[in-house]
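Listed below, chain by chain, are the residues.
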Amino acid sequence: EQPSHSESLKFTADLKLLKIALASRDYPRAVQLAMQLPAERSEVFTVNSDDAVQVWRLRVESFLRIGDMKAASDALAEMKSALGKQNNSPWVAVYLPLSESDVAWRSGQRESAIDHCKKAFEISQTYDVPALNVQIAAACVPRLIERDDEKTARQLSALSGRWADSDMTAAWVQAEIHQW
């Protein structure tokens, strides 16, 4: 069943509000919005896998931002359970290891986090979706810089470099590399 036009608009608007809450560092609001957004099929709304993985990823990020590692780990486990078999989407294939990297990094498991970044990078090579490449670079380049892995950091940075003129996140990644 397809969502109605108004349901789709509400979902899109709420997803944007969640991203704004995270960007403006209103993390309690981000958690509230993340938990309100549907991430799975319901009687009212069917969420496609690309939208669902964004909701799950933003839930994990929201919990990490407020420092709730248990809730972030639980959300990651739910994300894997809900989306783990849906590998036909580039967003699902890449966002799962990126979210695993986020949780590992925040819990102090630096090598595991880097391994998940590298996995996301390898998967992204199959799809070459510019927005995904920018997301991978933004999440992983700072971690690689901290771990002094210049070769991989520069490879990831190059993925987003061609978008630096039109995407602020890509431009930020390029600035990170040049400051290094």
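Residues numbered from 1 in each chain as written. Predicted model: local features only at pLDDT ≥ 70, side-chain atom pairs only at ≥ 80, totals over all residues. Heavy atoms only, no water.

A. Spatial organisation of the overall build of the protein chain. In terms of helices and strands, the protein chain carries nine helices and zero strands. Relative to the globule expectation of 16 Å for 180 residues, the C-alpha radius of gyration of the protein chain, 16 Å, shows essentially globular dimensions. With the C-alpha coordinates aligned to their principal axes, the bounding extent of the protein chain is approximately 50 × 35 × 35 Å. Out of the 180 residues belonging to the protein chain, those deemed buried represent 45%. (Helix = DSSP H or I, 4+ residues; strand = E, 2+ residues; numbered from the N terminus. Rg over C-alpha atoms; globule rule 2.2 N^0.38 Å. Buried < 20%, exposed > 50% of the residue type's maximum accessible area, 1.4 Å probe, protein only.)

B. How the structure looks around the packing of helix 7 (residues 130-146) against helix 9 (residues 168-179). At a minimum axis distance of 9 Å, the contact between helix 7 and helix 9 shows a crossing angle of 20 degrees. With respect to their mutual orientation, helix 7 and helix 9 come out roughly parallel. For the crossing formed where helix 7 meets helix 9, the hand is left-handed. Touching Val134, Ala137, Ala138, Val141, Pro142 and Ile145 of helix 7 are Thr169, Ala170, Trp172, Val173, Glu176 and Ile177, all from helix 9. (Axes fitted to C-alpha atoms, helices over the stretch in contact; angles between N-to-C directions. Parallel < 35°, antiparallel > 145°, perpendicular 65-115°, else oblique. Left-handed = near helix turned anticlockwise from the far one by under 90°. Contact = heavy atoms within 4.5 Å.)

C. Inspection of the packing of aromatic side chains at higher detail. All chains considered together, the criterion is met by one aromatic pair. Consider the rings of Trp91 and Tyr95, whose centres lie 5.5 Å apart with planes at 75 degrees: the pair is edge-to-face. Here Trp91 pairs with Tyr95, and both are found in helix 5 (residues 90-106), just four residues apart, close to one helical turn. Judged by its relative accessible area of 7%, Tyr95 falls in the buried class. The ring of Trp105 has Arg110 lying over it, and the distance from NZ or CZ to the ring centre is 4.0 Å. (Phe/Tyr/Trp six-rings, centres within 6.5 Å; stacked < 30°, edge-to-face > 60°. Lys NZ or Arg CZ within 6 Å of the ring centre and 35° of its normal.)

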